Every structure is written in structure tokens, then in C-alpha cells.
Amino acid sequence: MQVPAPFEYERATSVDQAIGLLERLGSSARLVAGGHSLLPMMKLRLANFEYLIDINDLHGELGYIRRSGDEVRIGAMTRHRELLESDALAQVLPIFRDAERVIADPIVRNRGTLGGSLCQADPSEDLSAVCTTLDASCVIRGPGGTERVVGMEEFHVGPYETAVADNEILTEIRIPVKADKSGSAYAKVERRAGDWAVVSAGAAIWLGADNRITDARVGLAAVGPNTTGIPEISAALRGQEPAEALYELAGAIAARSCDPATDTRGTADYKRHLADELTRRTLRKAVERARS
């Protein structure tokens, strides 16, 4: 039976208290919400911490989905289930519901959080790919109520490493909402239902009054050390009229831009093929949604 090394347990009742505990305990402490990634790593002794700070009581403070002007704001403690079931979120950002339908199982979705997913910084993580696709920003709070806002490219420093310091906490994710007609979609190939992605892709499209693409973004997961945005695709699609030939071009760019590794989930060539195909599919679906 695998058990973690001994640790002390603290339960925070506010964001400021959690930050105070982190500041006092330093790098020997780690926050835990859903715990679906952290606890298995501790059982395998791949991660060892002297203190775990339970932040489940922060759901009332950090569990929300709000439209605020030209952006959607989502609290870091928002559960997967809440993201899946929010009709208001699905109406403006349907990519979230697409992704949540293929994340793990109901048990995990009932407890796991958006903030926990992003802070795990797993290169195969679904919501990291979603937030990269949507050009999301992450709000990080530190001691004394100080806040800083960083984009996804800055937030994920490397595999399993983020820009959140030992005495800081991710509090909110902000996603811009543009006036143009928009659509987004997510697709994933997995070995079995709820598994980590072999490859996944997200796409977001914005259409002007003339139905030409004013902006486009594609984000891939499981094809490199971090979730990957591809600016070359955005540049190639802007100003163009949606068409199959354009999706094929975007797929080809995705395939040559990613850096997958051969492993038990498939060869690098197979994953490049999936990056191509899933990019086409999600762009096609995003355009359909934008037009409707």
C-alpha cells in the first residue's frame, strides 16, 4: 500500500489566511483543493511536503463565474462540475463545456478545480489548453493583498512549474470577450474515457461583419513541455474567409510547430498527425458556432 510521507494539516478559511500560512511555512507547504494530482504524487513519494493547507473553505470566496464588461472572470476554486453545467459560460465560451465533458469522471469533476488544473501545469492538461486558446490571464495574489496579472505563456514556466511563488495563490482567471461573432471548440484523443490526452486541441474564432476572420487562436496539449499556443496560425487566418483549405493550412502549421515525444501513448509522428487533424476539426466547429 502506498502512503505519503508524514505531514501536518492546516485548513484555511480565507485567501489572506492561506497566504499568511504560505508565507510562514515557506516551500515546505502546499495548497490542496481537489487533491487529485497532488495526493497521488505524494503517495508515490514524487512530491513531499511537511504541510498541506486545505483551501476548500475558499470556494465561497473563489468559486464563481461572472461576466464583467468585456471579459469573463472565473474564480480559481470553481469546480469542474460548475464549469460543465454553466449555461451562461457555454453560451459565450462553449470550449469549456467541450473540454469538461472529456475530463476524468464525475468524482473528479465534483472536487477538482480550475485553479488546481492550471497550477498542476501538466503538459497534457485540458483546461490549460483551453485557457491558452482563449488568451486567458491569471490573477496571482501575494502578501498584503498585492496582485499581479500574467498571461498563460508567463504563467506556465515549465512542466509542473508555474509563476506562482511559494507565498502566493492563484485567485482568478480572466478571459477577454470581443464584440465580434465568436465560436470556440475543443477536441481530444485519449486512450480511454477520462484519460490524459494523447493530443488535444482547442480553437477560437472571431468573425467580422463581412464573415472574415478578425482573429483566431489554436492551443495544443500533450505535444511539448507546455501547453502550446501557435501565433503562426493566428497570423495565417486573420483577414481570411473560412474554408477547408484554410483549415488544412492551419493543421499543417500545427503539425510542424509542435514538439511531441514518442511514449506509451504514441509515436511523435502519430501525435503530429493528431495535431493536424484536431486543429482542423476544432477550427471547423468554432466557425460553425460563430456563424450560428
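Residues numbered from 1 in each chain as written. Predicted model: local features only at pLDDT ≥ 70, side-chain atom pairs only at ≥ 80, totals over all residues. Heavy atoms only, no water.

1. Let's talk about the domain arrangement of the chain
And step 1. Domain assignment breaks the chain into domain 1 (8-54), domain 2 (64-176) and domain 3 (181-291).
And step 2. Look at where the C-alpha atoms of domain 2 and domain 3 centre, and you get two points 20 Å apart.
And step 3. Contacts between the two partners involve 26 residues from domain 2 and, on the opposite side, 26 residues from domain 3.
And step 4. Here domain 2 and domain 3 share an interface that buries about 2,000 Å² over both sides, 54% of which is from carbon and sulfur atoms.
And step 5. Looking at the side of domain 2 facing domain 3, the largest losses of area belong to Pro-123, Ser-124 and Thr-133, adding up to 26% of the total buried there. (Domains from an automatic or database assignment. Contact = heavy atoms within 4.5 Å. Buried area = accessible area lost by both parts, 1.4 Å probe.)

2. Topic: the nonpolar core
And step 1. Residues Phe-96, Leu-118, Leu-127 and Ile-173 are the most contacted members of the largest nonpolar core, which totals 32 residues.
And step 2. For this core, the secondary-structure elements that each account for two or more residues are strand E5 (71-75), helix H6 (95-100), helix H8 (114-120), helix H9 (126-133), strand E6 (137-141), helix H10 (152-155), strand E10 (169-176) and strand E12 (197-207).
And step 3. Top contributing element to this core by residue count: H9, with four residues.
And step 4. Residues lining this core come from more than one domain, with at least three contributed by each of domain 2 (64-176) and domain 3 (181-291).
And step 5. Not counting residues within four places of it along the chain, the set of residues in contact with Leu-127 comprises His-80, Leu-83, Phe-96, Ala-99, Glu-100, Ile-103, Leu-114, Ser-117 and Leu-118. (Core = buried A, V, L, I, M, F, W, Y, C linked by side-chain atoms within 4.5 Å. Buried < 20%, exposed > 50% of the residue type's maximum accessible area, 1.4 Å probe, protein only. Helix = DSSP H or I, 4+ residues; strand = E, 2+ residues; numbered from the N terminus.)

3. Comments concerning H9
And step 1. Counting buried residues along H9, eight of its eight residues qualify, which places the element largely inside the surrounding structure.
And step 2. Within H9, the full set of buried residues consists of Asp-126, Leu-127, Ser-128, Ala-129, Val-130, Cys-131, Thr-132 and Thr-133.
And step 3. At the N-terminal boundary of H9, the capping side chain belongs to Glu-125, with an oxygen 3.0 Å from the backbone nitrogen of Leu-127.
And step 4. Positive phi appears at Asp-135, one or two residues downstream of H9, with a value of about 60°. (Polar contact = N/O pair within 3.5 Å; in protein donor to acceptor, adjacent residues only side chain to side chain.)

4. A short note on the side chain of Thr-282
And step 1. When you line up the elements, Thr-282 lands in helix H13 (residues 268-291).
And step 2. Residue Thr-282 is classed as buried on the basis of its relative accessible area of 1%.
And step 3. Excluding residues that lie within four positions of it along the chain, Thr-282 makes contacts with Ala-185, Tyr-186, Ala-187, Ala-201, Gly-202 and Ala-203.

5. A few points about the sheet that holds E5
And step 1. The sheet built from five strands is open, its strands ordered E4-E5-E10-E6-E7 with antiparallel pairing. Here the strands that pair on one side only, and so sit at the sheet edges, are strand E4 (65-68) and strand E7 (147-151). Strand-to-strand, the axes of this sheet are offset by a mean angle of 25°, without reference to chain direction. (Pairing = 2+ DSSP bridges. Axes fitted to C-alpha atoms, helices over the stretch in contact; angles between N-to-C directions.)

6. Describing the environment of Glu-8
And step 1. Following the sequence through the fold, Glu-8 ends up in strand E1 (residues 8-11).
And step 2. Look at Glu-8 and you get partly exposed, because its relative accessible area is 49%.
And step 3. Considering only alpha carbons, one finds Glu-8 and Val-149, 141 residues apart in sequence, at a separation of 31 Å.
And step 4. Discounting residues that sit within four places of it in the chain, Glu-8 has contacts with Glu-50, Tyr-51 and Leu-52.

7. What to know about the sheet that holds strand E3 (residues 51-54)
And step 1. Strands sit in the order E1-E3-E2 across an open sheet of three strands; the sheet is parallel. Either end of the sheet is taken by a strand with one partner, and the two such strands are E1 and strand E2 (29-32). Recorded for the sheet is a direction-independent mean angle of 25° between the axes of neighbouring strands.
And step 2. One ladder, built from four bridges, connects E2 with E3; its direction is parallel. The residue of E3 that forms the bridge with Ala-29 is Tyr-51.
And step 3. Here helix H1 (residues 15-25) sits on the sheet in contact with E1, E2 and E3, set at roughly 170° to E3.

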